[in-house]
Every structure is written in structure tokens, then in C-alpha cells.
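# Residue-level structural notes
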Amino acid sequence: MKRLMILLFAGFSACTGPAPKETTPSVQLFVSETTINQTIDSLKQKKGITNVIRLEKGVKHAASLWHAEDGTSDDFVIFCKTNYVVNETERELLFDKVSKNFESIFGHFNKMSLDLKENVDLNNGPMLEIDKEFSAYSVGAHLLSDLYSNKIAFIVALNFPYYSLEEKGKFNESVTRKEWAMARLGDIFVSRVPAELQQASAKAGADADIYISEYNIEMGRLRTDSGKQLFPDKMVLLSHWNLRDEIKASYANKETGKEKQEMIYKVMERIINQDIPEKVINNPNLQWMPYTNKVFENSKEISCTAEPNKRYQQIINNFKAEKAIDAYSPEMNTFILRKFSGEMEVPQVEVELLFDEYLRSPQLAKIAAIIEKRLGRSLRPYDIWYDGFKARSVIPQEELNSRTTLRYPNPKAFEADMPNMLGKLGWPNERAQYISAKIAVDPARGSGHAWGAQMKGEKAHLRTRIPETGMDYKGYNIAVHEFGHNVEQTISLYDIDHYLLNGVPNTAFTEALAFIFQSRDLQLLGINNSNPDQEQLNTLDTGWSLMEIMGVGMVDMKIWKWLYAHPESTAAELKAAVQTITKDVWNTYFSPVFGIKDEPILGIYSHMISNPLYLAAYSYGQIIEFQLEEHLNGKCFPNEIDRIYKQGRIIPQRWMEGAVGSKLSVKPIMNKLDKAIK
Ligand SMILES: [Zn+2]
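Residues numbered from 1 in each chain as written. Predicted model: local features only at pLDDT ≥ 70, side-chain atom pairs only at ≥ 80, totals over all residues. Heavy atoms only, no water.

## Focus on the overall build of the protein chain
Let me state the cut-off plainly: Strands here mean DSSP runs of E at least two residues long; helices mean DSSP runs of H or I at least four residues long; both are numbered from the N terminus. Note that the radius of gyration is over C-alpha atoms, with the globule rule given as 2.2 Å times the number of residues to the power 0.38. Note on exposure labels: buried denotes an accessible area under 20% of the residue type's maximum, exposed denotes more than 50%, and partly exposed covers the range between, all computed with a 1.4 Å probe on protein chains only. Should any heavy atoms of two residues lie within 4.5 Å, those residues are considered in contact. The method behind every accessible area is Shrake-Rupley, applied with a 1.4 Å probe, and residues are considered shielded solely by the protein chains displayed. In this tally, Lys and Arg are treated as positive and Asp and Glu as negative; His is ignored, and so are the chain termini. Taken as the charge centre is NZ of Lys, CZ of Arg, CG of Asp or CD of Glu, depending on the residue.
Looking only at helices and strands, the protein chain features 30 helices and eight strands. Scaling as 2.2 N^0.38, a compact globule of 678 residues should have a C-alpha radius of gyration of about 26 Å, and the protein chain matches this with 27 Å. If one aligns the C-alpha atoms of the protein chain with their principal axes, the spans along those axes are about 85 × 60 × 55 Å. Within the protein chain, the fraction of its 678 residues that count as buried is 55%. Long-range contacts, defined here as pairs at least 24 residues apart, represent 76% of the contacts in the protein chain between residues at least 6 apart. Accessible area of the protein chain: about 29300 Å², with a carbon and sulfur share of 52%. Distance between charge centroids for the protein chain: 2 Å, based on 80 positive and 87 negative side chains.

## A word on the environment of Phe 389
Relative to the helices and strands, Phe 389 resides in the loop between helix H17 (363-375) and helix H18 (397-407). For Phe 389, a relative accessible area of 0% puts it in the buried group. Here the alpha-carbon distance between Phe 389 and Thr 539, two residues 150 residues apart in the chain, equals 8.7 Å. Contacts of Phe 389, omitting those with residues within four sequence positions, involve Ile 367, Ile 370, Ile 371, Arg 374, Gln 534, Leu 537, Asn 538, Leu 540 and Asp 541.

## Structural notes on the packing of aromatic side chains
Operational definition: Aromatic pairing here means that ring centres of Phe, Tyr or Trp (its six-membered ring) are within 6.5 Å. Orientation follows from the plane angle: under 30 degrees is stacked, over 60 is edge-to-face, and everything else is tilted.
Under the counting rule described, the total for this entry stands at 33 aromatic pairs. Measuring from centroid to centroid gives 6.2 Å for Phe 79 and Phe 154, while their planes differ by 75 degrees, and the two rings are edge-to-face. Note that Phe 79 is positioned in helix H4 (residues 73-83) and Phe 154 in helix H8 (residues 152-159), a separation of 75 residues in sequence. Each member of the pair, Phe 79 together with Phe 154, is buried. Consider the rings of Tyr 251 and Tyr 386, whose centres lie 5.3 Å apart with planes at 85 degrees: the pair is edge-to-face. A residue pair is termed long-range when its members are at least 10 positions apart, and Tyr 251 in the loop between helix H12 (241-249) and helix H13 (257-273) and Tyr 386 in the loop between H17 and H18 qualify at 135 residues.

## A look at the coordination of the zinc ion
The following threshold applies: Metal donors: N, O and S atoms at distances within 2.8 Å, or within 3.2 Å for Na, K and Ca, with water omitted from the atom set so that some sites may seem incomplete. Each label reflects the angles at the metal, where four donors whose angles all fall between 85 and 135 degrees are tetrahedral, four or six donors whose opposite pairs open beyond 155 degrees and whose other angles stay between 65 and 115 are square planar or octahedral respectively, and the rest are irregular.
Protein coordination of the zinc ion is provided by His 481 (NE2), His 485 (NE2), Glu 511 (OE) and Glu 511 (OE), with donor distances spanning 2.1 to 2.6 Å. Given four donor atoms and angles of 52 to 146 degrees at the metal, the environment of the zinc ion is assigned as irregular. Each donor residue of the zinc ion belongs to the same chain, with the gaps between them written as H-x3-H-x25-E. You can see His 481 and its partner His 485 sitting in helix H21 (residues 473-494), four residues apart, about one turn around the helix. Grouping residues by exposure puts His 481 and His 485 together as buried.

## Side note on the sheet that holds strand E5 (residues 300-302)
The line we're drawing: Two strands are said to pair when DSSP picks up at least two bridges between them. Here the axes come from fitting lines to C-alpha atoms, over the contacting stretch only for helices, and the angles between their N-to-C directions go from 0 to 180 degrees.
Taken together, the three strands give an open sheet; going across it, the order is E3-E4-E5, and neighbouring strands pair in antiparallel fashion. Each of the sheet's edge strands pairs with one partner strand only, and the pair in question is strand E3 (287-289) and E5. Between one strand and the next, the sheet's axes are offset by a mean angle of 35 degrees, whatever the strand orientation.

## Brief notes about helix H22 (residues 507-518)
Along an α-helix, residues three or four positions apart point the same way, because every turn accommodates 3.6 residues. Threshold: Given a helix with a known number of residues, its expected span is that number minus one, times 1.5 Å. Under this definition, polar contacts are N or O atom pairs within 3.5 Å; protein pairs additionally need one hydrogen-donor-capable and one acceptor-capable atom, and for neighbouring residues in sequence, both atoms have to be side-chain atoms.
Along its twelve residues, H22 runs 16 Å from first to last C-alpha, staying within 8% of the 16 Å computed at 1.5 Å per residue. Taking burial as the measure, the twelve residues of H22 include nine buried ones, the bulk of the element. Of the surrounding secondary structure, the elements contacted by the buried residues of H22 are helix H19 (411-424), H21, helix H23 (521-524), helix H27 (615-632), helix H28 (637-645) and helix H29 (652-660). The opening residue of H22, the one whose side-chain oxygen lies 2.9 Å from the backbone nitrogen of Ala 508, is Asn 506.

## Topic: H4
Rules: As used here, the arc belongs to the directions running from the helix axis to the C-beta atoms.
Every buried residue of H4 is accounted for by Phe 76, Val 77, Phe 79 and Cys 80. When H4 is viewed along its axis, its buried side chains cluster within an angular range of 160 degrees and face the same direction. Along H4, exposed side chains directed more than 90 degrees from the buried face belong to Asp 74, Ile 78 and Thr 82. Of the surrounding elements, those touching the buried residues of H4 are helix H2 (33-44), helix H3 (52-65) and H8.

## Some thoughts on the domain arrangement of the protein chain
For clarity, the threshold we go by: For the purposes of this description, domain bounds are those given by an automatic or database domain assignment. Defined here as a combined quantity, buried area equals the accessible surface (1.4 Å probe) lost by two parts on assembly, summed across both. Here, a salt bridge means any side-chain nitrogen of Lys or Arg that lies within 4 Å of a carboxyl oxygen of Asp or Glu.
Partitioning the protein chain into structural domains gives domain 1 (3-189), domain 2 (210-311), domain 3 (346-389 + 532-677) and domain 4 (397-501). When each unit is reduced to the centre of its C-alpha atoms, the spacing between domain 3 and domain 4 is 29 Å. Opposite the ten residues of domain 3 that make contact, domain 4 presents eleven residues. Between domain 3 and domain 4, a total of about 890 Å² is buried, with carbon and sulfur atoms accounting for 67% of that surface. Counting across the interface, domain 3 meets domain 4 through one salt bridge. Ionic pairing is found between Asp 642 and Arg 431, a salt bridge with its closest N-O pair at 2.9 Å.

## Let's talk about the packing of H17 against helix H30 (residues 667-677)
Note the following rule: Note on convention: near helix rotated counterclockwise from far helix by under a right angle means a left-handed crossing. Clockwise means right-handed. Here the term charged refers only to Asp, Glu, Lys and Arg, the term nonpolar to Ala, Val, Leu, Ile, Met, Phe, Trp, Tyr, Cys and Pro, and the term polar to all other amino acids, Gly among them.
Running from N to C, H17 and H30 point in directions that differ by 30 degrees, and their axes come no closer than 10 Å. The way H17 lies across H30 gives a crossing that is left-handed. For the pair formed by H17 and H30, the contact residues are Gln 363, Lys 366, Ile 367 and Ile 370 on the first element and Met 670, Leu 673, Asp 674 and Ile 677 on the second. Taken together, the residues of the contact of H17 with H30 break down into five nonpolar, one polar and two charged.

## Observations concerning the packing of helix H20 (residues 429-436) against H21
As a reminder of what qualifies: Should an angle lie under 35 degrees it is considered roughly parallel, over 145 roughly antiparallel, and from 65 to 115 roughly perpendicular; all remaining angles are considered oblique.
The interhelical angle for the contact between H20 and H21, taken along N-to-C directions, is 95 degrees, at an axis separation of 10 Å. Taken as axis vectors, H20 and H21 run roughly perpendicular relative to one another. Along the contact surface, H20 presents Arg 431, Tyr 434 and Ile 435, while H21 presents Val 487, Thr 490, Ile 491 and Tyr 494. Looking at the contact of H20 with H21, its residues break down into five nonpolar, one polar and one charged.

Printed below as a string of C-alpha cells:
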């Protein structure tokens, strides 16, 4: 987790892709066009000016951030004349100082956040009310505005211009690592969004989170039309994750599995269409027949109203909050641009083209035929979650549990074993010690996570929840995933040549290494899980789940495009649009694979409500992981991981070329699917 860097860099990087919407009003610049041109002209007269492009970019960019409270137009002119650094050597010196101090600022704020949240995040004794207050206190909240008022932000903007994603994509071989780092410095101050708009956006997001986190279905209270109960009394499932997982788990149940899956899918349809009786949500006191939609209280049928499109109102609230920010982000004036060209650094059109290519691939219908054969029936829509290809360890769960509980009775035991684990993956002892010494393992209060350092000298933290009886296999499997994150966080901070290039291009790149580690968890336990067919089965599993996650990512993107085309729409209008979009995406890509039409299932994902436009990143994580695994095959694992993750935060396509010699592509997985299908 890189909370502070996310705060600072979120949406502050680059722009390309679709042209800005004409309907978006841009904020009136405080510094006029005339003043900007006069400033540039007078600076051109300065002795030694050779790089006119840098000068023009710098002045224009600094002007775009200048507000009335920063001074008059004349003040702006004087500021530029005083602070523009002509000499390249002096500019490098300026860069070194900014870089050193930013490492200290970001690093210490990150450290403070870790400390202040410690009693909430860690299971280390009683929690007082004040612990929650400290945990919620955002120490870095005023940092950006401070950097504007003391003019540091303007000195940076003036001397280290911002390059769009398209411009960065054109950086050739002659661009040095230091110049890449300078371009990253230019990304920090790209837009200046008023605090109240940022707060409104955070509030809309938090409200949507709460709405989703309380959306439980009481499975024990569901009945078929004939009054039959299919699920255990106390089973409560959160939409949509737990509902989906129950569909997955039901494949193993040969008797009532399909009946259960059908009922869960009916519940999902009711949620998507918002004809679910509002009273049955998160309510253990009512019985509900999802097929007829009848509700009973104490065996007596009662009348209930449907949920009044609240699901879609959350999306509209998010949209309105983000749209208000558009005008303050001249470089990326839609949420779509900020999420894709900004955060992910892949233009949205490129993402959609890649998804389209994969979702149309003929291999998918062939995997479908294999699944049909295995299931002995024709496919149903919820078979997008078929998980029968997954590696089932030949070793019983109990034995795995006993191994992990014995080996890892507490977090310190896991920490002490890290050099040994890295050794098993091939790292030489000295290097394994070097990496492990920079990772601390802590007892998590909730579920685990990995939280990286933001300055050299600080440790990354692996948070894991270990019961008194020791770490069970499930917990171990997740801890190994987090360990992968920590190794990435360590290499990409400690072994990076320029601090401003620390990290990875986007979250998909750290997830890739986390999954690469996780898939080697049995090897780390010293277990050889040899099933000769497993590699082929894994490929089929990856291919099938990639289809599912791309499908919902596609729906998410189309919803936001529709919102921008219909900014005044109501929740009811949005619902109708989502119903059309989900069916269109289904009919275009899934219907040829499943042989059924007009299914709404792709509209159920909760991320669309609480974490808009994030789903596409999951697909990228899977593609990157796959390309990396292909590349690592037969090579020296630790050397390649070190080399690849030392690239740092250059742009995604460059990173991939540097890592595996080719751009991000679905071709490798399609080729491997061909072999696996045979
Ligand atoms: Zn992860």
C-alpha cells in the first residue's frame, strides 16, 4: 500500500486518448494568455536559453496552477523571471535537492501514517477510542496546499515540465534515467483541485463503500417456490463476492449444487434489476422466495417495495463528485482520462481494444466445450465463475494446515524464515538477507496487507493474522502473496537509481509479483505438487477467468462513457442503460461462447459501485503475470525479478518491453491456450 504516494500522485500523471469533452467547462485561468506569452518572450531574452520548448512548457504549466491567492499577474511574471533555471547543471542540482527532500517528506509522512494506524491495524493490545481518531487523522492532508503556498510546487512546475503519456511514450533511447525521473517530478503537480471537491469525492466513495459493505443476503432465509431451504440457517453472504464464491464452491456438490447456483443467480438478477424487496437486504427476520419474489414474516406473506434504485444512485453520486473535478484538471478533464491515462497510464481506448481482441478470440468457445463436457450439461451464465481447472493440492488440507501451523506459530517465525524462503526461490544467501532485513512481519488485527516504505532506511510491513493455534494454510497462502508485494516494494525502493522513479508503473505490476509468489507457496513449503496436466489446466483457468474479468471491466467502462454522454441522468435512467449495456456486452462476446442470449450477469460486480473504473486493472494484472511467467520459464528467477523490478516507475509499455522484450499483449496467452486445448 502506498497511501501517501497515491494521495500525491493520484490522477496527476498523464493524458492521451480521446479528445477532451467539449461539454466540460474549463476553469478560467487566473494568469492570462497575454501575460503567459509576455513572460515567455521576456525569458527568451535571457542569456543561455537554448531549450525553448522546456521554457514554454514550464511557464504555461506553472500558470495553469496559479490562483489569485498566489499573487497578482505581475507577481507571476516576477516569480518566473526569478526562479526559471537556465543552466542545466544548476537545474540538475535543483533536481537533486528536491528529490532528496521529497524522499524525506514522503517517507516520514508514510512512517507517521503507519505509526498512527498501528493500534487499529495491528493486534497489539486493547484499542481505545483515541486510537481510532489517530488512525483516521490524515497527517499529509495539507501537504500539497503547503507546497503551493510556499511556492515549492511552482518552482517544480516551472523547471520540470509535465509530459503527457503520449509524450512520454515518445521518449527514445537518448532519454536518460535522470531525465525520466525529472519527468516523474513533473507529474506531481499537474492539477490543483479545491479541497472541498476532493472531500466530496472521498465522501461519495465512502458512502458507496458503506452501501456495498452492508449488502448482505441471509441465505438461510431463502426458499424455493415449494418452500424448500437450500442453504444453512446462519449463512450470510455479502454481494457480490460471497455470492460468487458460493457459486464456485457449489460445483463440488453433485446433489444440490446446481439448484443452489440457480437460486444465487436469481438473487443476483433481482439486485441488478433492483426488484429485490428492500426489506430482505441485511435482514435475518424475513423469508424470501427469490423466484416469485414473495416475502414472509412469521410464515405470513407481507407486501414489500423494491429497492428504489439505490445501487445506481451510488454510481450517479460518484459520477457527479468526479465530474465537478473535471474543470480543475485541464490535462485530464474526465474521470475516465484520470483513471486510465492518469493512474494506469494506459489510454482507455487501448484497454478497450485489447479486451475486444481477447474476448473475440476463438479459443474461448473451445474452453467452453471442455467445461460443458466436464459438467455434463450445457453452460449457464454463472459458469463464467467455473473453477474446476484450479490446482487442487494432492495433499489434504489438514496436512497442509499442520505443516504451516507448526512452522509459523507467530509472525516472528514467518519473519525469521524469509531469507530461507527467498533462498528456495534461488536468491543467494547474502541477497536474501539484504531483502528480508527490510521487511517486518506484524500481527494484523483484520485481514492482512503489505505496506511499503517510502524512504530508504524504513522497512516494508507484512501484516498477517495468525491465530493462537498458528498460521493455517489459507493464511499462509495469503501471507506469501503479501510477501511478494513486500519484495517488490523493497527492490523498487532500495535498488532504484533515482528516488522519483521508485515503485512500479501501476498497481497491476505489483499484483503480478504477488501472484507469482503466491503460486509458488507449496514449493516454499518444500512440497512438490506434481500433476503433469496441471500446467495446461492452469492455462485454461487463467484463460477463462480473464474472459470473465475483462467482460465486467468492459461493462464498467461503457457505463462511464454513457454517464459522460448523459450527465443529467437519473438513477432509473442509469439502471435502464446498465441493463442494455450488460446485455449488449453479453450478446457481443459471451453469447457466442455460452450459446445463450440477453443475460444480465455482468452487471453484478460490486466494484462498479464502490470502486468505479478499477476492474480493468485486474485484467492487466493477469496479463502481466502471464507474460512474466512465460518469460521467467527456464531463466534464473531471482536475477530476472531483480533486473525487472529495478526498472521502477517508468510507463507501463516501456516497463513491459524492458521486462520481457515485448509490449503488453494477449497473444502469448492465446497461443498457450491453443496448446492447452489440444
Ligand atoms: Zn495483492
